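Observations on the model geometry
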Number of protein chains: 2
Amino acid sequence: MTLPAGPVKALRLAAALALLGGVVLLEATSPAPGEKPPTGFSEHTWTWEKAFEAKLQERVEAARCREHLRFLTRQPHTAGTPGNFRVSQYILEHFREYGLEAEFAEYDVLLAYPEEVRAEIVAPERVGLAQAEPAHPLDPLTDVSHDPVAHLPWNAYSPDADLDAPLLYANYGRPEDFRRLQEMGLTLEGKIVLLRYFEGYRGGKSYEAEKHGVAGILVYSDPMEDGYFQGEVWPEGPWGPPGHVQRGANVYDFLVPGDPLTPGWASTPGARRIAPEESSILPKIPMVPLSAVDAGEILRRLGGPAVPTGWQGALPFTYHVGDGRLRVHLVNRQRRVRTTIRNVIGKIRGTEFPDQMVLLSNHHDAWVYGAVDPGSGTATMLELAQVLGQLAREGYRPRRTVVFANWDAEEYTLTGSTEWGEQFAEPLRAGAVACLNVDAATSGSDFSVSASPLLRRLIVEATQAVADPQTGQPVYDRWAQAASSPNVRGYATGAAPAAGPPIARLGSGSDYTVFYNHLGIPSLDMLFDGPYGVYHSVYDGFVWMARFGDPEFRYHAAMARLWGVMALRLANADLLPFEPEAYAEALAAYVEELRPQAEPEFFARHLAPVGDEAHKLARAARRTQARLRRWLRNPNAHRTELGRANERLLQLERDFIHPEGLPDRPWFKHLVYAPRPSYRAQVLPGIAEALEKKDMARAAREARRLQQALERARKHLDEIR
Amino acid sequence: MTLPAGPVKALRLAAALALLGGVVLLEATSPAPGEKPPTGFSEHTWTWEKAFEAKLQERVEAARCREHLRFLTRQPHTAGTPGNFRVSQYILEHFREYGLEAEFAEYDVLLAYPEEVRAEIVAPERVGLAQAEPAHPLDPLTDVSHDPVAHLPWNAYSPDADLDAPLLYANYGRPEDFRRLQEMGLTLEGKIVLLRYFEGYRGGKSYEAEKHGVAGILVYSDPMEDGYFQGEVWPEGPWGPPGHVQRGANVYDFLVPGDPLTPGWASTPGARRIAPEESSILPKIPMVPLSAVDAGEILRRLGGPAVPTGWQGALPFTYHVGDGRLRVHLVNRQRRVRTTIRNVIGKIRGTEFPDQMVLLSNHHDAWVYGAVDPGSGTATMLELAQVLGQLAREGYRPRRTVVFANWDAEEYTLTGSTEWGEQFAEPLRAGAVACLNVDAATSGSDFSVSASPLLRRLIVEATQAVADPQTGQPVYDRWAQAASSPNVRGYATGAAPAAGPPIARLGSGSDYTVFYNHLGIPSLDMLFDGPYGVYHSVYDGFVWMARFGDPEFRYHAAMARLWGVMALRLANADLLPFEPEAYAEALAAYVEELRPQAEPEFFARHLAPVGDEAHKLARAARRTQARLRRWLRNPNAHRTELGRANERLLQLERDFIHPEGLPDRPWFKHLVYAPRPSYRAQVLPGIAEALEKKDMARAAREARRLQQALERARKHLDEIR
């Protein structure tokens, strides 16, 4: 641990520089007398950490984020294409230039690329569909007519098909939507269904449609969700123009993510691979995405009854569910190929606990240019790597290892992160402190976060230490004031039960999944959110970001600061700044949420004891936290105890991991959170899903497993004292 | 009181006839042994009443409702026009033909007719607006190009104006909408505002706009509320086509309804009249209604910021609030004239209590053809008059007088009913039992009712006695099952606090107002509701009703039965079937609703005692009701007591009337309910409005007034025992 000679002087300089550069540094980062250290820090360490953070915040530059994004969005870079190889190399070279120990982690995985996509109304008249997105001169890069992958509207992994079938409109394609059509006397078997995006992940829609014998899917972006109904459309505003198309994989990664040919193990050279036909996550029916313009051609011609309440979108006529007379011809051909993907892994080795790792996680593959998704996150990570690399050279090195992990093929099935997590499961289980995932970093200015309850206090304190670029006040203040913004990417879930600003539950949809749900590493996923209707379309480019998302790149910079402050606190704290009590409170609340689903007698016998155990855990957590606070006041006297406490705290989330996993998807081993086909988080998934199936024996077993996990966690907390 | 010779036989015949005619008579109307009489009936009277009701239900014919509606909708019949004189005569002649004592009650009142209505966008380019509604060959009567009144889009009473001003879009024109524009830095002074209909009464929108210095109003029907967003549009479905225009008065009758020149007294010959300039209810700024097509011409050209959340409608582009560059030229010229209106009053005199009156209330003037509004109600009333008239001739005469009141000029400012109520205030106060108002009787099949809590039990029992035409089960069952349907006419208010199906609070917007809010006569307002988007447009004609609203006129017939059963129960009960306990419960709940608006100390000191008094009233009501039930078991022994109890019960709602009225609108004398500018009911208006204004002295005074009213009511209930 290196203490700088003159932290106070350095901070004054920082403040002056910040003022000159237009950056408002918060008082929290200046050495006010009597200021309390954040959670996990002794006064002594905090003196150093404070200076470290101040330097970090001072050095971050918006202009460099802009330059990175400019490069990253110069050409389409779908995973496995030459465009993305160029992006991987750019990241690797920069990591190395910044002084990180950096390398590729390569895997051979099954990817897919479009060869032919056609859709046409063939009755009552012929109308061509599946048009390419119109180019606009304002952003010349929107002309991708020359690019064999980028110009087609496609959903990766959709199987080859040549179908001619009647079409029905099925709203969002949720279970209740299909049920509703059946109640109306309509047959889904053998039909093509037209679905709108949102209210669930496209893989979930396909999974549900397959169950109902649907033959094929057209999925489109209704202007109600991401177009003119929400606000100005590109190029006048950030929302999707009627011609935009949302690409994306169609894969059932809520069953098991990662390379479809190596479910549960790493796709290293020589690893066993299953045949694609054996994969449970590859869809059996084709799905093709349409623009609102194309969907409108269908919808305005559909007969049958008018749609039920809640099914109408924002196209200017009454929607109908169809009567079998409108037929569509759908052709989908994709090349599925084993391809090399390249995660870029950079490290700043920890000075004191090199095997304890703080993971910063982002991906670099995009459907087209991916300025928001994932470019804004990648640019932010590169900026943070530069600053932390530079500070390391100046002697400010983290006590624990900071890993910059930039994944490949996230867009397919969280592929790069999953393979890496599976390959390095053992060292990760042993030493990973947390995974801080930033996918899209910036589409606006509304801070939004999903996280393990363990990280609640860290998030609150870090957002109090970083300034919102518009207000100059802490990010926390604005976040606490704002009603949670509608999350256009479909991640958002119910707020955590804790008081304070809403921290959502971790569902799925980004690279934290293997770390959180498979390995039990405390994780979060955060962004600055905003109006954003061009997700996975050709319009999500540099011009969009420079006009709407973050014209001055100040929220990129704010995210680099926030991400960095969180990383440093986790890397440098005397005691890992986790909040077990928040976890216990959340668990008690989740048990209560199950009450309406269970018979009172069952609840009293099997679930109430879990709730009681959660309350016991909360009490143990409070007692332990009090003890730890006392030790922190005199850390030298308690060096051994603190070291042992850290090892226990680091393992705490692992107590909720069960090696056998969930009954229907053993890869998902976390007993408290699991994704649903909808992207959303299912809390207490084992019990909840058994209750849904009315399998009471299983529900009782799952309750017992959870209760044992809670007892384990309590024992571990007790052992700290 | 006449007891028929063979009620059982008559009922068997009824059942047989009903079966043949496809009408399902309910078991409740057949003489099941051990069946309990409805509230207020002794066994003895119920035997006779049951037969009376069975005959009523059996005699009602859907086909005759259809014939009446056919005539009523043959030509436009705005109040004061020759078309409406013809309708008045038709009703009078039929009442007389049916054996009612019938006559006109005429008043000279200020009405208005359009002379010239023009609206045009003049910058950035010229576009004509305020187009007439397009005719459609499916209903040739939709061509009204020859009719000087019907063909213009106009809002009655709008003052003459010739304006050229910049336009802003202000959503629904609610107070919060105007506030929002001001927060955006926009000036309302001198502007024309474009507002959408719904979320409030058009008079309320104008009232609010006037307060903000707005120069003129264009008000339009967005397809989101009553057009293609809701469902199929006319002529394919019941919703409004994009070219439809909602006419209607623009008048501040929430301050005082009725003829603007005689506020508070009857417009009889020789009565004092104020000058129009002195009227507080005539608007100072013009309002002109537009179709969605015309509004779209404006909205698609408006600049400025995109609209806030919740302001976007269903036209296919992003709405903007305006930037002052789009200007509109607006010309409105109306002829305001003193005109004779004609209420048609028909009576069947009561055999035992001729001075006690049950009022059946409906109006006959329409903006154009008014098939739903008010034709469906008028046709239903005519059918009920025929059946009750015929039964009276056969010896089934009601014990109390039944008054068939068919009002004129309701559409202007509840004019006909208000003038009559003011003229006959004394006999009404003395003898009116209740006002059963049916304005639009039928636009679908969903029963919907607003009512005084006193009538709760009557409503429940009557709906249990009449069959829903589609299900054959009691209207009550379907009503209780259904979620309350969206009320497209804007009346709907929060549900009553009582358990059971939702009975809404009486706001304003139809002819019960003078009886309920001015005189304290227990009232209800009911309809069979349904998808209906052509309100006050040329498309609300016979063809609409025959295609969508009630093709077989079975809901007209059901309403005639329901209205008749309610009337007969009120007319024939031994004890008026009121439920004072429901009133007390509602009052206690209303006091609680004020809790969040008041400081805890103020609440404890001034409002909690009112709540306590409500609970006392509930206890008194329960004790009295128990006593009354005992007396009913032996009515002959308690004839005097029952008579005195009826007199007290008849006056009970009057206890909530205060002669001085509400502080800001003394005509409104009911202390528990008053309309708001939004059409909605404000409960405990005196207290609530004082709290809004933070006038605590007034709030305390109003609380005291209410408490005294409750004490009065309790004393009167106690006196019964």
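Position numbers for residues start from 1 in each chain and track the written sequence from start to end. Going through the entries in the order they are written, you letter the chains from A and number the ligands from 1. Side-chain atom pairs in this predicted model are given and counted only at pLDDT of 80 or more, local residue features only at pLDDT of at least 70, and totals for whole chains, interfaces and linings cover all residues.

Here the focus is the pairing of strand β13 (residues 446-451) of chain B. Residue and element names in this part refer to chain B. Partly exposed residues are those whose C-beta has more than 12 but fewer than 20 other C-beta atoms within 10 Å; with 20 or more the residue is buried, with 12 or fewer it is exposed, and the C-beta atoms are placed from the backbone. Numbering goes from the N terminus for both helices and strands, where a helix is a DSSP run of H or I of at least four residues and a strand is a run of E of at least two. Among the six residues that make up β13, six are buried, leaving the element largely enclosed by the rest of the structure. Judged by which residues are buried, β13 turns out to be covered on both faces: Asp446, Ser448 and Ser450 on one side and Phe447, Val449 and Ala451 on the other are all buried. As defined by bridge partners, β13 adjoins strand β14 (residues 523-529) across six bridges and the pair is classed as antiparallel. Residue Ala451 lies in a different strand from β14, and its bridge partner there is Leu524. Strands pair, by our definition, only if DSSP identifies at least two bridges between them.

Below, the discussion takes up helix α16 (residues 542-549) of chain B. Residue and element names in this part refer to chain B. Of all eight residues making up α16, six are buried, and the element is well covered by its neighbours. Phe542, Val543, Trp544, Met545, Phe548 and Gly549 are the residues of α16 that are buried. Here the contact rule is simple: place C-beta atoms from the backbone, and any two residues whose C-beta atoms are within 7 Å are in contact. Looking at the buried residues of α16, the elements they touch are α3 (62-72) and α9 (371-393).

It is worth spelling out the relation of the copies chain A and chain B at this point. Take chain A, turn it by 180°, move it 0.1 Å along the axis, and it overlays chain B with an RMSD of 0.0 Å. Taken together, the rotation and translation describe the operation of a two-fold axis. When the interface residues of chain A are mapped onto chain B, 100% of them again fall at the interface, so both copies present the same face. Residues reaching a pLDDT of at least 70 in both copies supply the C-alpha atoms on which the copies are superposed by least squares.

This part is about the domain arrangement of chain A. All names here are of chain A. Taken domain by domain, chain A holds domain 1 (64-108 + 339-572), domain 2 (112-334) and domain 3 (580-720). Where each domain starts and ends follows an automatic or database-derived domain assignment. A straight line from the C-alpha centre of domain 1 to that of domain 2 covers 28 Å. At the level of elements, β1 (101-123), α10 (410-413), α11 (415-423), α15 (513-518) and α16 (542-549) are the ones that each hand at least two residues to the side of domain 1 that touches domain 2. Broken down by element, the residue count for the side of domain 1 that touches domain 2 peaks at five residues, all from α11. Partitioning the side of domain 1 that touches domain 2 into residue classes produces 18 nonpolar, 16 polar and four charged. Gly is placed with the polar residues, together with every amino acid not listed as nonpolar (Ala, Val, Leu, Ile, Met, Phe, Trp, Tyr, Cys and Pro) or charged (Asp, Glu, Lys and Arg).

Here we come to unusual backbone geometry. Note the cis peptide between A:Trp234 and A:Pro235, where omega equals 5°. Within the secondary structure, A:Pro235 is located in the loop between α7 (223-226) and β7 (248-249). Within the chain, B:Phe553 stands out as a residue other than glycine whose phi angle is a positive 60°. In this fold, B:Phe553 is placed in the loop between α16 and α17 (554-572). Positive phi outside glycine occurs at B:Lys694, with the angle close to 55°. You can see B:Lys694 is positioned in the loop between α21 (685-692) and α22 (696-720).

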